[in-house]
Structures are given as C-alpha cells and as structure tokens.
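Single-letter residue listing:
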Amino acid sequence: MSDFKALAVPGVQKLKPYIPGKPISELERELGIDNIIKLASNENPLGPSPQGMAAIEKLLPELALYPDGNGFDLKKALAEKHGVGMEQITLGNGSNDVLVLLAEAFLSAAHNAIYSQYSFAVYPIAIQAIGATHKMIPALGWDSESPLGCDLDAMVAAIDEQTRLIFIANPNNPTGSFLSKQALYQFIRQVPEDVIVVLDEAYLEYSPEAERVDGSLWLKEFPNLVVTRTFSKAYGLAGLRVGYSLSHPDIANVLNRIRQPFNVNSLALKAAEAAINDNDFIRQSMAVNSHGLTLLTDCCDDLNLRYVPSKGNFLLIDFQQDAMPIYEHLLHNGIITRPVANYGLSDSLRITIGTEAQMQRLTKLLPAACR
Ligand SMILES: *Cc1c(COP(=O)(O)O)cnc(C)c1O
C-alpha cells in the first residue's frame, strides 16, 4: 500500500488535526453515566435562539431544494444590522469556513500569515493546509496588561514582503484575552495596505454594549480589514454551521470566487436570519454568562487559582500543575471541560460558562479536583 501521508502536500503532512471538545454521547458510551454537562466547546447553555428555532420548523418539506446560493435574505438582514452593503458580506458554513476561504484566496507556498501564540487553533491549520508559512508570535506574559494576549508590536514587526494575512481573535479563544479599542486601532493603522487583517469577533456579543470593540465600524477606514462573526456562540446555532465576514466588496468578491456554491444550508440561512433580531435571547444569554462567569471567578479566587480575565463565555484557568488529572476528575463526575495542552497550556483547562446550576455543580467539584 502507498504511504498516503507521504503523498499529501507538505503543509498537510505537518498539520496537527483540530481536537474538538468531547461530545456528551461519547462520554456516555465510555463511562455509562448520564446527567452529563458539556462545558467544552463554548456553546450556549440556553440552547438555540427560540426565534431561530421557530423559523426552521416549517422548512423541512423544502429540503429537496438547494439553498439560495447567494443567501439573499440573510445578507439583507445582516446588511441592515451592520449598516453595510450586501456586497460586503460573505457567508460561511460557520465562520471557520470564511477563515479557510481567506487563507485559500490570499496565501500560497510563497506567502506567510501571522497569528499570536495561544490564539484559535484553526488559524495555523488553515495557513498550513495551503502550504504557506505560519508565523506564530509569542504571546504576552501572565503579568502583562492583556494576560496571554497578542503582542501587537511584535506582530507588526513580523510583517514582511511575503505577509498576506494577520489573524486576531478579539476576545481570543482559548484564553479569553481581549484587546482595547485603542490598541487594536493603533495596530491596524500600522499594518500595510496590502496585508489583510482578519479580526475574528466570535465572542463579541458577550461584551456589554458600551465596552464592545466592534471592528466593523472601521471597515470604511481600512479596506484591508475583514471582520468575522458567527451564529455558533451567543446565538446558540453551532450545530447549524453559519457565520460570515464583513469586508471591502473587492475582498468579498475574491472570496465569492472560491466559495462552494451552496456553502450555507437552507436551515442555517433561515435560522440565522430570524436569530439576528432575537435581542431578548442575546440579552438573556449575556446575563446568564456574566453571572456564571462571576460564580466561577469567585471560586477560583477562593481556591487561589489564577485565570485570564475573560470577555468571552469561557474561562482559562491555570492550575499550575498538570491539568489532566483535574480534567479526568471532572469527567468522571459528568462534566466535560477542555484541555488545552495542544496550545502548549498543559497546566490549564478552558471551561465554558454554563447556567447557574451547572456552575454550582462545577464549583462544588473544583476544590477536590485540584487537590
Ligand atoms: C468558536 C469560534 C469561531 C466560530 O466557529 P464557527 O465555525 O463559526 O462555529 C471562530 N473563531 C473563534 C476564535 C472561535 O472560538
């Protein structure tokens, strides 16, 4: 038999596959327990947006038809929400899809893309799959203004003639670190016009409105800025796979050339269109999150555990010892969290914020778990 790995393109050979959070069904099979809670994938503990759900119930008889490949209705609703033109929007099968489209469209083996250490695992995968060079810039330290956050000065300094893309998540996953409006703005101003800055705002909805750093407001000023958003987190539609980018129309035009013709399915288009205006649900999700986050950080303070202050729906806790036994302890008690050793953070776990009841169950277990 052929060595198929050796036949794969060089970038793919070197890739480490993405490791998802453990599904509930898998833990049920392995341990034969029930009443499991998953705090591993930053999903919304309140479930999907009710308006999103209601919108797709009637759609099942239409599933023989292809979706609207241009996503007209959803784009129209998004254009209104963001005050941009429909031609500035690119829809994706999750925002992950858009991140990959950006890499495919703008990178080749001759190019490089920049991202920070401890930022979203999808960036190096998307970059390397193309055979492009991934330049990981060491993150800031625990005692910096933005613990484990992006070293923006070092990122600017790393830009060279071959750089085409810079990926930044704000707030960042898996750390929860965030950049201030001023810092981010000053950074983008220093990036040359022919380098595209991809600002991944998957967790934006969890910031209180007054504190939000909304990169979409800078699109007019910076044609080389791309902002990505998702329905997977606050809107609770992770299972449907729908996200999008906002950009200059010329960038959207490039992405549209390589996009699969029907990359977003009919149910996702319809649910997302309805969910956009489900403001009550977003408010409720934010409130549950901020309460749950406080319960968890209070517990960490009591236990003298350090964590990265988070503006997302998750918390990165540093146990300052191998986190795997803690992960296993929680697992055996029916709580799935997320190990982050693949990011080089083997002493930490990333824990998604759940409902009050879920956080209480977790915080009761934590003292024994980290002993
Ligand atoms: C969850 C997440 C996404 C969203 O992924 P989808 O493909 O839209 O589900 C994007 N970026 C970051 C940083 C994330 O954590």
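Per chain, the residues get numbers from 1 upward, laid out in the order the sequence is written. In keeping with the predicted nature of the model, local features appear solely for residues at pLDDT of at least 70, side-chain atom pairs appear and are counted solely at 80 or more, and the whole-chain, interface and lining totals rest on all residues. Calculated side-chain values reflect all of the structure's heavy atoms, with hydrogen atoms and water omitted.

Draft legend 1. Region of interest: the site of the ligand. We call a residue near a given molecule or strand whenever any one of its heavy atoms falls within 4 Å of it. Residues in close proximity to the ligand include Gly-94, Ser-95, Asn-96, Phe-120, Asn-173, Asp-200, Ala-202, Tyr-203, Thr-230, Ser-232, Lys-233 and Arg-241, which together make up its full environment. We call two N or O atoms a polar contact when they sit within 3.5 Å, provided that within protein one can donate a hydrogen and the other can accept it, with sequence-adjacent residues counted only if both atoms are side-chain atoms. Between Asp-200 and the ligand, the recorded distance is 2.6 Å, taken from a side-chain N or O atom to a nitrogen atom. Contact between the ligand and Ser-232: an oxygen atom at 2.6 Å from a side-chain N or O atom of the residue. The Shrake-Rupley method, run with a 1.4 Å probe sphere, supplies the accessible areas, and residue values consider only the shown protein chains as cover. Within the complex, the protein chains bury 93% of what would otherwise be the 380 Å² of accessible surface of the ligand. Residue classes follow a fixed rule: Ala, Val, Leu, Ile, Met, Phe, Trp, Tyr, Cys and Pro count as nonpolar, while Asp, Glu, Lys and Arg count as charged, and any other residue, Gly among them, counts as polar. Of the residues that constitute the shell around the ligand, the class distribution is 3 nonpolar, 6 polar and 3 charged.

Draft legend 2. Quick look at helix H12 (residues 279-302). Elements are defined by DSSP. Helices are runs of H or I of four residues or more, strands are runs of E of two residues or more, and each kind is numbered from the N terminus. Given the number of residues in a helix, its expected span is that number minus one, multiplied by 1.5 Å. Look at H12: 35 Å from first C-alpha to last across 24 residues, which is about the 34 Å you get at 1.5 Å a residue. Lining the buried residues of H12 we find helix H4 (50-57), strand S9 (306-307), strand S10 (314-318), strand S13 (345-352) and helix H14 (356-369). One or two steps after H12, the chain reaches Asn-304, where phi turns positive at roughly 55°. Whether two residues are in contact is decided by their heavy atoms: any pair within 4.5 Å suffices.

Draft legend 3. Layout of the sheet that holds S10. Across the sheet, which stays open at both edges, the 4 strands sit in the order S9-S10-S13-S12 with antiparallel pairing between neighbours. Unpaired on one side and paired on the other, S9 and strand S12 (338-340) mark the two borders of the sheet. For every element, the axis is a line fit to its C-alpha atoms; helices are fit only across the contacting stretch, and the angle between N-to-C directions ranges from 0 to 180 degrees. Seen against the sheet, H12 touches S9, S10 and S13 and runs at an angle of roughly 10° to S10. Two strands pair if DSSP finds at least two bridges between them.

Draft legend 4. View of the packing of aromatic side chains. We call Phe, Tyr and Trp rings a pair once their centres come within 6.5 Å, taking the six-membered ring for Trp, and we label the pair stacked below 30 degrees between planes, edge-to-face above 60, and tilted otherwise. Overall, the coordinates contain 9 aromatic pairs when judged by the stated rule. Seen in terms of ring centroids, Phe-120 and Tyr-123 are 5.7 Å apart; in terms of plane orientation they differ by 85°. Their pairing is edge-to-face. Only protein chains enter the area calculation, which uses a 1.4 Å probe; residues under 20% of their type maximum are buried, those over 50% are exposed, and those in between are partly exposed. For Phe-120, a relative accessible area of 15% gives the class buried. A residue is classified by how much of its surface remains accessible, and Tyr-123, at 1% relative accessible area, is buried. Clustering of aromatic rings is evident, with ring pairs tying together Tyr-18, Phe-120, Tyr-123 and Phe-167.

Draft legend 5. Representation of helix H5 (residues 72-82). Within the span of H5, buried status applies to Leu-74, Lys-75, Ala-77, Leu-78, Ala-79 and His-82. Where H5 is buried, its residues contact strand S2 (89-92), strand S7 (225-230), strand S8 (243-246) and helix H11 (266-275).

Draft legend 6. Representation of unusual backbone geometry. In this structure, the amide linkage connecting Asn-170 to the following residue, Pro-171, adopts the cis form with an omega of -5°. Look at the link from Asn-173 to Pro-174: it is a cis peptide, with omega at 15°. Within the fold, Pro-174 resides in the loop between strand S5 (163-169) and helix H9 (181-190). Phi at Asn-35 is positive, roughly 60°, even though this residue is not glycine. Checked against the element boundaries, Asn-35 lands in the loop between helix H3 (24-31) and strand S1 (37-38). Phi angles above zero are rare outside glycine, and Asn-304 is one such case at about 55°.

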